[in-house]
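A structural walkthrough
These are the residues of each chain, in order.
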Amino acid sequence: MTLANKQLAAGWAFLTPATVLIFIMSFYPIIQAFITSLKKGKGVNTVFADPLTYNYTRMFQDGIFIQSMKNTFFYLIIEVPIMLVLAILLAQLLNNKDLKFKGLFRTCIFLPCATSLVSYSIIFKSMFATQGLVNSVLMKLGLINENINFLGTPGTAKAVIIIALIWRWTGYNMVFYLAGLQNIEYSVYEAAKIDGATGWKTFWYVTVPLLKPTIVMTAIMSINGTLQLFDESMNLTSGGPANSTITMSHYIYNQAFGQGVGALGYTSAMAFLVFIMVAILAFINLKVGDTRD
């Protein structure tokens, strides 16, 4: 064997075990899930649907699934932009070389995303309960005359979920922006200052363009995570009141396991729709963020 062939064989020898494991643990289940999405029935008693698109057309006739889709996109549209903007601003503040106790501030902001999803959901649920901390504080400040049922009203229940998401994930995204900012040479800012750029112009015309790859990456991750949102809907509001806060992943879980329905064909079809949504939105983000000629 030539040296090039030996190197090629060595490369395939290293790649093959990982490739086989990825196929067995990821791609094969995806293929099986797609086949399952073409079937109808419950549990193991399933047969291929006639027509094969039965589960996919059924989704758009399911009022609860449509409601869950609307809820999920509502969270996406409101929460993701607010969270990413806050993360960039916090990263900019904490990147100041003259700021004292930077390590402490960074740890405090990042700490929420190290908290268990279930734990923080339960904490928020107790805080926003009718007799919870938030109502007590508002009553003492004289801002309300009677306790508000935050989790029992559709509008306020959605607001609580959005607040919880922003609280938990802002610090996570801030770390990426902070890493991006630390890779920008300080001489770039000095040059902008010499040219007479103000703080806002420096941020908008220097920092943001240089952070564009990081912004695209965090946007894709945030969109992906929000479209698969489950814990907050499950643990904070249980999807209520009257399914007004339920998410797509929560409804998929209910149909597969949560209510003993076991409609695995239908839930697989819904899961594939979520996958397609994630792929489309990720593609749009990549196209928008691609600055190559």
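Data block above holds the structure.
The paragraphs below set out a description of the structure included in this document. Just so we're clear, the structure is a prediction, and the values are computed from it rather than from any experiment.

Here the focus is the overall build of the protein chain. What the protein chain contains, in helices and strands, is 13 helices and two strands. In terms of overall size, the protein chain is more extended than a compact globule, its C-alpha atoms giving a radius of gyration of 24 Å where 293 residues would be expected to give roughly 19 Å. Principal-axis analysis of the C-alpha atoms gives the protein chain an extent of 85 × 70 × 30 Å. Residue burial in the protein chain is summarised as follows: out of 293 residues, 35% are buried. Sequence-distant contacts in the protein chain: of pairs separated by 6 or more residues, those separated by 24 or more amount to 66%. Taken as a whole, the protein chain presents about 17,300 Å² of accessible surface, with 68% of it coming from carbon and sulfur.

Taken as a whole, this structure holds zero disulfides when the rule is applied. Lacking any disulfide linkage, C108 is separated from the closest cysteine sulfur, that of C113, by 13 Å. Accessibility expressed as a relative area gives 46% for C108, which makes it partly exposed.

What follows deals with the pairing of strand β2 (residues 45–48). Bridge count for strand β1 (residues 39–42) against β2 is four bridges, and the pairing is antiparallel. Along β2, the bridge assignment pairs K42 with N45. Taken together, β1 and the strand that follows it, β2, pair antiparallel across an intervening segment of two residues, in which G43 is found at a positive phi of about 60 degrees.

In this section: the packing of helix α9 (residues 199–210) against helix α10 (residues 212–227). Contact geometry of α9 with α10 gives a least axis separation of 4 Å together with a crossing angle of 60 degrees. As the angle between them shows, α9 and α10 are arranged oblique. Listed contacts from α10 to V208, P209 and L210 of α9 are K212, P213 and I215. Among the residues making up the contact of α9 with α10, the classes are represented as five nonpolar, no polar and one charged.

On to helix α5 (residues 117–127). Every buried residue of α5 is listed here: Y120, S121 and F124. Down the axis, α5 shows its buried residues gathered within 105 degrees of arc, on one side only. On the buried face of α5, the contacting elements are α7 (154–182) and α11 (231–237).

Parameters and conventions
All residue numbers refer to positions counted from 1 along the written sequence of the respective chain. Where local features are concerned, this predicted model is filtered to residues with pLDDT of at least 70; where side-chain atom pairs are given and counted, the filter is 80 or more; whole-chain, interface and lining totals use all residues. For side-chain calculations, the full set of non-hydrogen atoms in the structure is used, while hydrogens and water are omitted. Strands are runs of DSSP state E lasting at least two residues, helices are runs of H or I lasting at least four, and both sets are numbered from the N terminus onward. Based on C-alpha atoms, the radius of gyration is set beside the globule rule, defined as 2.2 Å times the residue count to the power 0.38. A simple rule labels every residue: compare its accessible area, found with a 1.4 Å probe on the protein chains alone, to the largest value its type can have, and call it buried under 20%, exposed over 50%, or partly exposed in between. Residue contacts are defined here by distance: any two heavy atoms, one from each residue, within 4.5 Å place the two residues in contact. The protein chains shown are the only cover counted for residues, whose accessible areas, like all others here, come from Shrake-Rupley with a 1.4 Å probe. Two cysteine sulfur atoms make up a disulfide if the distance between them is within 2.5 Å. Following DSSP output, two strands are said to pair if at least two bridges run between them. Angles run from 0 to 180 degrees between N-to-C directions of axes, and those axes are lines fitted to C-alpha atoms, restricted for helices to the stretch in contact. Oblique is the label for any angle not under 35 degrees, not over 145, and not in the 65 to 115 range, which are roughly parallel, roughly antiparallel and roughly perpendicular in turn. Residues are grouped as follows: nonpolar covers Ala, Val, Leu, Ile, Met, Phe, Trp, Tyr, Cys and Pro; charged covers Asp, Glu, Lys and Arg; every other residue, Gly included, is treated as polar. When we speak of the arc, we mean the arc of directions from the helix axis to the C-beta atoms.

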